[in-house]
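# Structural characterization, general
The chain contents come next:
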Amino acid sequence: MTVVVTGATGHLGRLIVESLLARGVAAERIVAGGRRLDKLDDLSERGVRVARVDYSDEASLAAAFAAADTLVLVSGSEVGSRIGQHQAAVDAARAAGIRRIVYTSAPHADSTTLVLAPEHIATENLIRESGLAFTFLRNGWYSENYLGALYQAATTGEIVASVGDARVASASRADFAEAAAAVVIGDGHDGAVYELTGDHAWDFAELAEAASEVLGTPVVYRSVTPEEHEAELIAAGLPTGTAGFIVALDGNIRDGLLAHTPGDLARLIGRPTTPLAEALGAARVPAVA
Ligand SMILES: NC(=O)c1ccc[n+]([C@@H]2O[C@H](COP(=O)([O-])OP(=O)(O)OC[C@H]3O[C@@H](n4cnc5c(N)ncnc54)[C@H](OP(=O)(O)O)[C@@H]3O)[C@@H](O)[C@H]2O)c1
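Fair warning: this is a prediction, and the values are worked out from it, not measured in the lab.

Criteria and cut-off values
Residues numbered from 1 in each chain as written. Predicted model: local features only at pLDDT ≥ 70, side-chain atom pairs only at ≥ 80, totals over all residues. Domains from an automatic or database assignment. Contact = placed C-beta atoms within 7 Å. Nonpolar A, V, L, I, M, F, W, Y, C, P; charged D, E, K, R; others polar. Pairing = 2+ DSSP bridges. Helix = DSSP H or I, 4+ residues; strand = E, 2+ residues; numbered from the N terminus. Axes fitted to C-alpha atoms, helices over the stretch in contact; angles between N-to-C directions. Near = placed C-beta within 6 Å.

## Section: the domain arrangement of the protein
- If you check the domain split of the protein, you get domain 1 (3–139) and domain 2 (143–171 + 198–259 + 274–289).
- Taken together, the contact between domain 1 and domain 2 spans five residues of the former and six residues of the latter.
- The residue inventory of the side of domain 1 that touches domain 2, partitioned by class, reads three nonpolar, two polar and no charged.

Here it is in structure tokens:
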């Protein structure tokens, strides 16, 4: 088996490569793909093959995917451009003779009103239409998404959100990466669609508690209306579009779209998912960094 991992210059893709290595996949059977090869030097030194992967450069995709049988397509980070980018990757996978695509999608991509879902369901559909085997990993929220809130809380002593008393079943990126490695290596995942979430759906009072624990200083949750939230974000200097996007995501959380706990992730990784405070503590870097 040879597996190509895209987005290996990013957080999740790098962790997927590490998880594959930790699960005993030979380094020379892994191709770590990204636009900036210098970010992959250490993997190269460990024997992992590295390849330039740029979704807008067909030749890079053809070269990176040659002779691989599995593609882990980590969804791109350029929101709004991803359908064309992912289509290019799927077309190249098919041309290269790749057997299966493992794609990192979004929770309940086919039925949700999550603002980020349209590009993910479009990608799932184009992968289905390619005729290749697939596994969809519908990754829920990363616990690390709340690192920014943690850093703010270090100064303000509060976490501000417009989610009301809604809950989020987040998990660490490392948990999601382990699941990806497990489905790459394991049998019986062709055609499977996994809804991957943390085991526990926490509310924002619990997030504030986790922040207190990690920071060693009291933190409270201040619940605001969407209008107040947007006004505060804009007053803090965020562009209007970004503020609106954050408030829309909080609206999705308020609607309970990220609160499901089906247990797929723990089953795939064979252990409980990483608790919120542990994930935030592990990811925390010194504020000066
Ligand atoms: N579930 C969640 O909570 C959550 C949160 C944020 C994002 N996501 C999604 O999950 C993905 C992985 O998360 P992450 O934290 O690892 O994100 P990340 O650190 O930003 O990594 C994104 C990766 O995508 C690559 N990429 C972006 N555009 C590309 C292009 N045009 N051609 C080739 N590669 C491209 C980046 O490569 P470069 O280094 O060359 O830019 C990078 O390696 C994100 O891209 C996003 O789709 C999920």
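## A word on the sheet that holds strand β5 (residues 100–105)
- Read across the sheet, seven strands follow the order β3-β2-β1-β4-β5-β6-β9 without closing on themselves; strand pairing throughout is parallel. Strands with a single pairing partner mark the edges of an open sheet, and in this sheet they are β3 (49–52) and β9 (192–196). On average, each strand axis in the sheet is inclined to that of its neighbour by 20°, with strand direction left out of account.
- Where strand β6 (residues 133–139) and β9 come together, five bridges link them in parallel fashion. Considered in β9, the bridge of F136 is made with V193.
- Contacts from helix α3 (residues 58–65) reach β1 (3–5), β2 (30–34), β3 and β4 (70–73) within the one sheet, and its direction differs from that of β3 by about 160°.
- Contacts from helix α5 (residues 117–130) reach β5 and β6 within the one sheet, and its direction differs from that of β5 by about 170°.

## Considering the site of the ligand
- Around the ligand lies a shell of 24 residues, among which G7, G10, L12, R35 and S75 are the nearest.
- Within the shell around the ligand, the residues separate by chemical class into six nonpolar, 14 polar and four charged.

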